[in-house]
Protein chains: 4
Amino acid sequence: MSSIRVTVWGENVHEQKSAVVRGLYPQGMHQSIADALNAAGGIAATTATLDQPDHGLPPGRLQETDVLIWWGHAAHGEVSDAVVDRVCDAVWSGMGAIFLHSAHFSKPFKRLMGTPCNLTWREAGERERLWLTSRNHPIAAGLPDHFELENEEMYGEPFGIPEPLETVFISWFQGGEVFRSGVTYKRGAGNVFYFRPGHETYPTYHDGNVQRVIANAVRWAHNPAARLADPNRAPNVPVETALEPIEQRGETLHAKGEAGFR
Amino acid sequence: MSSIRVTVWGENVHEQKSAVVRGLYPQGMHQSIADALNAAGGIAATTATLDQPDHGLPPGRLQETDVLIWWGHAAHGEVSDAVVDRVCDAVWSGMGAIFLHSAHFSKPFKRLMGTPCNLTWREAGERERLWLTSRNHPIAAGLPDHFELENEEMYGEPFGIPEPLETVFISWFQGGEVFRSGVTYKRGAGNVFYFRPGHETYPTYHDGNVQRVIANAVRWAHNPAARLADPNRAPNVPVETALEPIEQRGETLHAKGEAGFR
Amino acid sequence: MSSIRVTVWGENVHEQKSAVVRGLYPQGMHQSIADALNAAGGIAATTATLDQPDHGLPPGRLQETDVLIWWGHAAHGEVSDAVVDRVCDAVWSGMGAIFLHSAHFSKPFKRLMGTPCNLTWREAGERERLWLTSRNHPIAAGLPDHFELENEEMYGEPFGIPEPLETVFISWFQGGEVFRSGVTYKRGAGNVFYFRPGHETYPTYHDGNVQRVIANAVRWAHNPAARLADPNRAPNVPVETALEPIEQRGETLHAKGEAGFR
Amino acid sequence: MSSIRVTVWGENVHEQKSAVVRGLYPQGMHQSIADALNAAGGIAATTATLDQPDHGLPPGRLQETDVLIWWGHAAHGEVSDAVVDRVCDAVWSGMGAIFLHSAHFSKPFKRLMGTPCNLTWREAGERERLWLTSRNHPIAAGLPDHFELENEEMYGEPFGIPEPLETVFISWFQGGEVFRSGVTYKRGAGNVFYFRPGHETYPTYHDGNVQRVIANAVRWAHNPAARLADPNRAPNVPVETALEPIEQRGETLHAKGEAGFR
């Protein structure tokens, strides 16, 4: 079996502006995440960033990406709508997508969810403890029933997402909040996972449990089926080719062979 | 209990261009739907159309709408993005929304679903039979286990929607297809229902069972709670006001009191 | 509109054995819950207990019960299977059911869930804070985004339930755990809600927020439709009465008019 | 990667009594299903039948079964409750389970669903067409958007199951009904799939598409994680070992170290 091809998309803004972030992630958070995936086995991860042409995601790149990982925070608004459309089309065609931490407010995640994706937050370096709700879920493979991150940003409920297909993790925060921190969705032919941890001023993506969740999620999100050629296609089925014999009846709007309205 | 305030939004294009449609719905499909709702009891329905300023949906109108019904087909692309944003914000704040038939491809429905919302179709006036899957569901109140529409457009699976909260109706078509024709969602604080029947060249909205489903759906979608003031709000919770006593630790990105990135 | 008829079923064991419990609930927990419901408006609540004939739930009683509330802890095993069958049949026919706290391990809840319904627990009188995840959900009507119970038993994830239809509340515990403390299901034609708080050695059912959740849940679970006559019916549809004309083909097992196997 | 170990459980009653069934499946339906799985690659399938001691499912057998397939029809009532308990415990521990056709009324399926699992039916050898609703779902790998079975028993909605995690297939029937014919669930740590086709008087299990669905479902249901030792365990977490430091407060029912009630 060939490797799962992952593209880790990083905004790469705070790594340039903040000495703290650069100190934790000298090659960028995206590169740290990609390095951990490449060490996990069976995964071939590369990176793309906002400042590259097409934000590093020209059409061909997504065609060759089995699973896209997205981390953004300070510059959601700078992501072009063309790239957002391209990412959504790729997901609907079968590409997996994993959104990390502050990507809850990224354009592609909000577009795929259809909801505000809002939450409460506090940057206090408090303790977060993630609890598994769904035992033996593939995204939790090899993990204990709970694990801790000693310093994290707090995200609190209500989290403005649609009811998930599955709630895999729920976080406890030292300051008194809870959060659905690992949730799955299917959008078109693509699997989508949101995973909460990963504030840029803490070493979260160096944590072994976090790395394991992301690698597990890549394997879960990967769909080996051939990508759909056009996920938006809405074909007419002519009367003559109906699976059961029928005859045209009543009035029509569409001339024969005409395309539908969109 | 005061009446549920419904706005029936109609594209009102084919009613102007097609003698067939005008013959079936002399005052427009939107008016026929509103008339049936006003006769159902406990509902006060008015209409709005594409050709009006703001498509008939200025901000104040949605504030006073408990449930919005949407029918569009030929002119989805002419609906302004500002109105789409306004509709989505209203749904997320608690307004109910019902999308009918070809509104599967309307901008607000696609935005709320986060998926292509595509399907197969055939305009042959064939028989459709809707089956109830969820007995005693409030949207099916007073309906038999199945009912028929002798002439309808066919919509076929795969239907490009997210897995519904509940699948209430599934349609059988004479030509051999099936379709999830009544599905529920929650988006933010708003209840959303999609209902399949209603091609404009057939008298579907004069059918008693169809009228009953729509009236039931209005009652189901109506949320009597006060509308959320800002459904996109993502408030910071300062360390000093944390529910459990914590102290600031570690590095920070945000200066005290600063708003979050979006 | 007539009142919603509620039966509050209480095990009534610890009220007899424990002076602590009797001190908090002199007439029994079931009576305290019923009293609060009767004061809420639009609800007519009575009680039934384990020690009564048929555990207070003869067939006629469930026929006249719109919503059943169940609290049990020490004597789950003493509930007769006949009564469990009767309760499940009533739920499947359209009766609402609300299971409180330690009723997670009651026979009817386990039967309706199809899962172990297990959890971790600690009786330490610690602080519980319930967070709302689904804004404007009818079960949360009139409640703030969070509320606290200063002394409660801890229940922790993983909670062995099926993925809920909706997760309405999630609890934070002082000792470090989280729990899905308000979850909805539909079973047959009946609405089911599980609500976590209510350990018998604390005054939980005297708390205004808890009382409000239970009253809201009664209104949410109540299905005004007529109860199904037989929720287990699996009728044969003879070829002669098929909705579309078909002819008998191939081999058969069943003689004409014969009942199906069960 | 070692093979997935499948046990195909067959009732093996009609194969003995009916010449028609024996003619179609000389070694029994269970053996035909196992043969097809063994030819599919990566699967090692064996069989078990009702007439064997412990119905062929002693405890050790389920320990060594990754995925159990169940077909029953005429003798659901003869399956011992001890074996039903054992099957449910195995599913909750992580064993996959696939229920075929008339197994909708089998004891373990009803127990795992928590609902009546009833439907309407007609044995007329009519045409069934299965439509895929969820493109690129692993259970539909390699299948077209629809496929037909020329002669099948009809099962019609309303189907008395809980809202599925995913609805993968919906069937169209010649006589006018529809049915959710492929639905997924998770119960405890185990994946569950129900697949409708397979009436014993037709050659359904010799059909290539049907065989492919079952093999796909085996791969989907297989959970490579170690089986849970006790899926019903509800451990106490002593105050002294709480993850966050807390002190015992308030009144207690349980003496220190005492097991919980069940």
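What counts, and at which threshold
- Residues numbered from 1 in each chain as written.
- Chains lettered and ligands numbered in written order.
- Predicted model: local features only at pLDDT ≥ 70, side-chain atom pairs only at ≥ 80, totals over all residues.
- Heavy atoms only, no water.
- Helix = DSSP H or I, 4+ residues; strand = E, 2+ residues; numbered from the N terminus.
- Buried < 20%, exposed > 50% of the residue type's maximum accessible area, 1.4 Å probe, protein only.
- Contact = heavy atoms within 4.5 Å.
- Areas by Shrake-Rupley, 256 points an atom, 1.4 Å probe, with all protein chains shown as cover.
- Lys, Arg positive; Asp, Glu negative; His and termini not counted.
- Charge placed at Lys NZ, Arg CZ, Asp CG, Glu CD.
- Axes fitted to C-alpha atoms, helices over the stretch in contact; angles between N-to-C directions.
- Parallel < 35°, antiparallel > 145°, perpendicular 65-115°, else oblique.
- Left-handed = near helix turned anticlockwise from the far one by under 90°.
- Salt bridge = Lys/Arg side-chain N within 4 Å of Asp/Glu carboxyl O.
- Polar contact = N/O pair within 3.5 Å; in protein donor to acceptor, adjacent residues only side chain to side chain.
- Buried area = accessible area lost by both parts, 1.4 Å probe.
- Expected span 1.5 Å × (residues − 1).
- Phe/Tyr/Trp six-rings, centres within 6.5 Å; stacked < 30°, edge-to-face > 60°.
- Pairing = 2+ DSSP bridges.
- 1 Å grid on protein atoms, 1.4 Å probe; cavity = no way out; pocket = protein on both sides within 12 Å on 5 of 7 lines; lining within 4 Å.
- Points joined across faces, edges and corners; volume = space filled by probe spheres on them.
- Nonpolar A, V, L, I, M, F, W, Y, C, P; charged D, E, K, R; others polar.

### Notes on the overall build of chain A
And step 1. The number of helices and strands found in chain A is seven helices and nine strands.
And step 2. Expressed as lengths along the three principal axes of its C-alpha atoms, the size of chain A is roughly 70 × 40 × 40 Å.
And step 3. The 262 residues of chain A split such that 64% are buried.
And step 4. By sequence separation, contacts in chain A at least 24 residues apart represent 71% of the contacts at least 6 residues apart.
And step 5. Of the roughly 8600 Å² that chain A leaves accessible, carbon and sulfur atoms contribute 49%.
And step 6. Of the charged side chains in chain A, 23 are positive and 31 negative; the average position of the first set lies 2 Å away from that of the second.

### Observations concerning the packing of helix H3 (residues 29–40) of chain B against helix H7 (residues 208–221) of chain B
Between two packed helices, what matters for the description is the angle formed by their axes and the separation of those axes.
Residue and element names in this part refer to chain B.
And step 1. Here H3 crosses H7 at 70°, and the two axes come no closer than 10 Å. Overall, the two elements H3 and H7 adopt an arrangement that is roughly perpendicular. In the packing of H3 onto H7, the handedness of the crossing is right-handed. Between H3, through Ala36, Leu37 and Ala40, and H7, the contact on the second element is made entirely by Gln211, Ile214, Ala215, Val218 and Arg219.

### A short note on the side chain of Glu123 of chain A
And step 1. Structurally, the position occupied by Glu123 of chain A is in strand E5 (residues 120–132).
And step 2. It turns out Glu123 of chain A is buried and unbridged, and the closest side chain with the opposite charge, Arg122 of chain A, is 10 Å from it.
And step 3. Polar side-chain contacts of Glu123 of chain A include one of 2.4 Å to the backbone nitrogen of Leu253 of chain B.

### Section: the environment of Phe261 of chain C
And step 1. Here Phe261 of chain C lies in the segment after helix H7 (208–221).
And step 2. For Phe261 of chain C, a relative accessible area of 27% corresponds to the partly exposed category.
And step 3. Counting along the chain gives 27 residues from Phe261 of chain C to Ala234 of chain C, while the straight-line C-alpha distance between them is 9.8 Å.
And step 4. Dropping the residues within four chain positions of it, Phe261 of chain C is found in contact with His254 of chain C together with His14, His73, Ala74 and Phe105 of chain D.

### A closer look at unusual backbone geometry
And step 1. For the bond from Glu157 of chain A to Pro158 of chain A, the omega torsion is 0°, close enough to zero to count as cis.
And step 2. Of note, the phi angle at Cys117 of chain C is positive, near 60°, even though the residue is not glycine.
And step 3. Within the secondary structure, Cys117 of chain C sits in the loop between helix H6 (107–113) and strand E5 (120–132).
And step 4. In this structure, His55 of chain D takes a positive phi of about 55° despite not being glycine.
And step 5. Within the secondary structure, His55 of chain D is located in the loop between strand E2 (43–49) and helix H4 (59–63).

### What about the pattern of salt bridges?
And step 1. Applying the stated criterion across every chain yields a total of 60 salt bridges over all chains.
And step 2. Lys107 of chain B serves as the salt-bridge partner of Asp81 of chain B, at 3.0 Å between the closest nitrogen and oxygen. Linking Asp81 of chain B in helix H5 (residues 81–93) with Lys107 of chain B in helix H6 (residues 107–113), this pair joins segments that are 26 residues apart in sequence.
And step 3. With a closest N to O distance of 2.8 Å, Arg129 of chain D and Glu148 of chain D form a salt bridge. Here Arg129 of chain D is found in strand E5 (residues 120–132), whereas its partner Glu148 of chain D is found in strand E6 (residues 146–156), with 19 residues between them in sequence.
And step 4. The network of salt bridges with common partners includes Arg127, Arg129, Glu148 and Glu150 of chain A, Arg249 of chain B together with Glu244 of chain D.

### Some points on the interface of chain A and chain B
And step 1. Between chain A and chain B, the contact holds 67 residues from the first and 67 residues from the second.
And step 2. Looking at the side of chain A facing chain B, the largest losses of area belong to Trp121, Arg249 and Leu253 of chain A, adding up to 14% of the total buried there.
And step 3. Along the contact surface separating chain A from chain B lie two salt bridges.
And step 4. Ionic pairing is found between Glu150 of chain B and Arg249 of chain A, a salt bridge with its closest N-O pair at 3.0 Å.

### Examining helix H7 (residues 208–221) of chain A
Residue and element names in this part refer to chain A.
And step 1. Its 14 residues give H7 an end-to-end C-alpha distance of 20 Å, which sits within 8% of 20 Å, the value for a rise of 1.5 Å per residue.
And step 2. For H7, the full list of buried residues reads Val210, Val213, Ile214, Ala215, Asn216, Ala217, Val218, Trp220 and Ala221.
And step 3. If you check the start of H7, you find a side-chain oxygen 2.9 Å away from the backbone N of Asn209, and it comes from Asp207.

### With respect to the packing of aromatic side chains
Aromatic rings considered in pairs are described by the distance between their centres and by the relative angle of their planes.
And step 1. Under the defined criterion, the tally for this structure stands at 46 aromatic pairs over all chains.
And step 2. With 6.4 Å between their ring centres and 85° between their planes, Phe147 of chain B and Phe169 of chain B make a pair best called edge-to-face. Separated by 22 residues along the polypeptide, Phe147 of chain B in strand E6 (residues 146–156) and Phe169 of chain B in strand E7 (residues 166–173) bring together distant segments of the chain.
And step 3. The exposure class assigned to Phe147 of chain B is buried, which follows from its relative accessible area of 4%.
And step 4. Here Phe109 of chain D and Tyr194 of chain D contribute two aromatic rings whose centre-to-centre distance is 5.4 Å and whose plane-to-plane angle is 35°, an arrangement assigned as tilted. Within this pair, whereas Phe109 of chain D is found in helix H6 (residues 107–113), its partner Tyr194 of chain D is found in strand E9 (residues 190–195), the two being separated by 85 residues in sequence. The residues Phe109 of chain D and Tyr194 of chain D share a single accessibility class, namely buried.

### Comments concerning the sheet that holds strand E4 (residues 96–100) of chain A
Residues and elements named next belong to chain A.
And step 1. Here we have nine strands laid out as an open sheet, ordered E2-E1-E3-E4-E9-E8-E7-E5-E6, and mixed in their pairing. With one partner strand each, in any of the chains shown, strand E2 (43–49) and strand E6 (146–156) form the two edges of the open sheet. Strand-to-strand twist of the sheet, defined as the mean angle between neighbouring strand axes without regard to direction, takes the value 25°.
And step 2. Across the sheet, helix H3 (residues 29–40) touches strand E1 (4–10), E2, strand E3 (67–71) and E4, and the angle it forms with E2 is around 170°.
And step 3. Sheet strands touched by helix H5 (residues 81–93): E3, E4, strand E8 (178–187) and strand E9 (190–195). Its angle to E9, the strand with the most contacts, is close to 115°.

### A few points about the interface of chain B and chain C
And step 1. Taken residue by residue, the interface counts 23 residues in chain B and 23 residues in chain C.
And step 2. Interface area, chain B with chain C, both sides summed: about 1700 Å², of which 50% is carbon and sulfur.
And step 3. The largest per-residue losses of area from chain B upon contact with chain C belong to Asn136, Leu243 and Glu244 of chain B, which jointly make up 37% of the total buried on that side.
And step 4. On inspection of chain B and its partner chain C, the count reaches four salt bridges.
And step 5. Its salt-bridge partner being Arg127 of chain C, residue Glu244 of chain B comes within 2.8 Å of it at the nearest N-O pair.
And step 6. Across the contact surface, chain B and chain C share 12 residue pairs in polar contact (both at pLDDT 80 or more).
And step 7. Per-element accounting of the side of chain B that touches chain C gives the leading share, three residues, to strand E5 (residues 120–132) of chain B.

### Observations regarding empty space enclosed by the protein
And step 1. Under the criterion given, the structure shown has eight cavities of 30 Å³ or more.
And step 2. By volume, the largest cavity amounts to about 710 Å³.
And step 3. Together, 44 residues line the largest cavity, and Pro164 and Leu165 of chain B, Leu165 of chain C together with Glu163 and Pro164 of chain D are the ones closest to its centre.
And step 4. Where the lining of the largest cavity is concerned, the elements lending two or more residues are E8 of chain A, strand E8 (178–187) of chain B, strand E8 (178–187) of chain C together with strand E8 (178–187) of chain D.
And step 5. In terms of residue class, the lining of the largest cavity is made up of 24 nonpolar, five polar and 15 charged.

Function-wise, these values are silent; they only describe arrangement.
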